[in-house]
Amino acid sequence: MTQSTQTAGYALKELEKEAGMGAMGEETFAREVRCIDLSDFEQRKSEIADELWTAAVEIGFFQVSHHGIALDDIRQAFSMTEDFFSLPDDVKAQYPLARNAGWENKSQVRPSTRTPDQKESYQITRPLMGPLWPSEQELPAFKNTMLSFESQCWQLGMKLLSCFALKLGFAEHFFEQAHNPDQQTYQSTLRMLHYYATEQSEQGMWRAGAHTDFDCLTLLFQRPGQGGLQVCPGKDSESQQWTSIEPREDVITCNIGDMLMRWSDDQLPSNFHRVRSPLPGEYQGARYSLAFFCQANKDVEILGPQAKYPAISAEDYLQQRIQANFAKG
């Protein structure tokens, strides 16, 4: 069974179980999501690599502190995100999602729920942007601000992936070369997300149904008070043991994606996560988040250190994952 088939199998089980649960208020399961301090990174790289590896193997999720992205820059990116989504829909519709860039609204239907995610998003993938940027008149300084933030995310992503490269026996800069932003084949993506405010009548609607990410590594930025993110390692999918991750603006939540799971010959698990709607008594307003997906350039070959799976290009792998994930949708 290929990794893609395995993940699709988990997705089908998730579809059957989550659709049958019918309730948003199930008890959550206490599970440690480790927070790893990246300070003095170069001097402590071996130690940090060990900590990242352990956290990733155990749950597939971890958080990082002292990561080098200034809090003011994160807040500015969130401010720009709010400004973008505040534009009228007919303005945003001028920049429609194509391939992996642009704006979409409630168009993503997860196999796990068969209903649209209750959100809108705008994706920035450098080589694909072309006419998809809002004008300076519509959003002054938007393009420069978000490109600068995307670059900082890339740098942090490559720093973390260099640790996984060392643990896998690859050259230290192996993944940095595989995610080259100077090439037209670059396909890492910064996704801005706006989950809609909820009404009590909408209880039971998922802001984002259960899924795994297709990339190597995801960096997620959240705002305090705007929770809902839950994780469930694949080994616990049968018992539906979900753990909530409370948002903090001083740390970044990270997770392993399907691409790195395959690249590691399944040593690093890509696990399920979802965003539930607020429960009665919780904050019902809008939720904003920022996600950066480290996805290898299209022409890069994915082959694990033990060659457990046949070599495949990153472009073909992503297409394979998309098709597998939505085959039951």
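Residues numbered from 1 in each chain as written. Predicted model: local features only at pLDDT ≥ 70, side-chain atom pairs only at ≥ 80, totals over all residues. Heavy atoms only, no water.

Caption draft 1: Region of the structure containing the nonpolar core. Judged by nonpolar contacts, the single largest core of 74 residues is most densely connected at F62, Y122, F164, L219, F221, L260 and W263. Non-local contacts of L260, meaning those with residues more than four positions away in its chain, are made with L161, F164, L168, F175, D215, C216 and L268. (Core = buried A, V, L, I, M, F, W, Y, C linked by side-chain atoms within 4.5 Å. Buried < 20%, exposed > 50% of the residue type's maximum accessible area, 1.4 Å probe, protein only. Contact = heavy atoms within 4.5 Å.)

Caption draft 2: Representation of helix α2 (residues 45-59). A rise of 1.5 Å per residue sets the reference length of α2, with its 15 residues, at 21 Å; its end C-alpha atoms lie 21 Å apart and thus fit the reference within 8%. Every buried residue belonging to α2 is among K45, I48, A49, L52, W53, A55, A56 and I59, and all of these are buried. Looking at the buried residues of α2, the elements they touch are β1 (35-37), β2 (61-65), α5 (142-168), β8 (229-232) and β10 (252-256). Once α2 finishes, G60 follows within two positions and takes phi at roughly 85 degrees, a positive value. (Helix = DSSP H or I, 4+ residues; strand = E, 2+ residues; numbered from the N terminus. Expected span 1.5 Å × (residues − 1).)

Caption draft 3: Spotlight on helix α3 (residues 71-85). With 15 residues, α3 should reach 21 Å at 1.5 Å per residue; the first-to-last C-alpha distance of 21 Å fits that figure. All buried positions along α3 are accounted for by I74, A77, F78, M80, T81, F84 and F85. Looking down the long axis of α3, one finds its buried residues gathered within 160 degrees of arc, a one-sided arrangement. (Arc of directions from axis to C-beta.)

Caption draft 4: Focus on the pattern of salt bridges. Counted by the stated rule, this structure contains 14 salt bridges. For D50, the salt bridge identified is with K167, shortest N-O distance 2.7 Å. Of this pair, D50 sits in helix α2 while K167 sits in helix α5, placing them 117 residues apart in sequence. By relative accessible area, which is 35% here, K167 ends up partly exposed. Residue R75 is joined to E249 by a salt bridge in which the shortest nitrogen-to-oxygen separation is 2.5 Å. In this pair, R75 sits in helix α3 while E249 sits in the loop between β9 (243-244) and β10, placing the two residues 174 residues apart along the sequence. Residue classification places R75 among the partly exposed positions, given a relative accessible area of 42%. Residue E249 is classed as partly exposed on the basis of its relative accessible area of 26%. Counted as one network, the salt bridges with shared partners bring together E32, R34 and E58. (Salt bridge = Lys/Arg side-chain N within 4 Å of Asp/Glu carboxyl O.)

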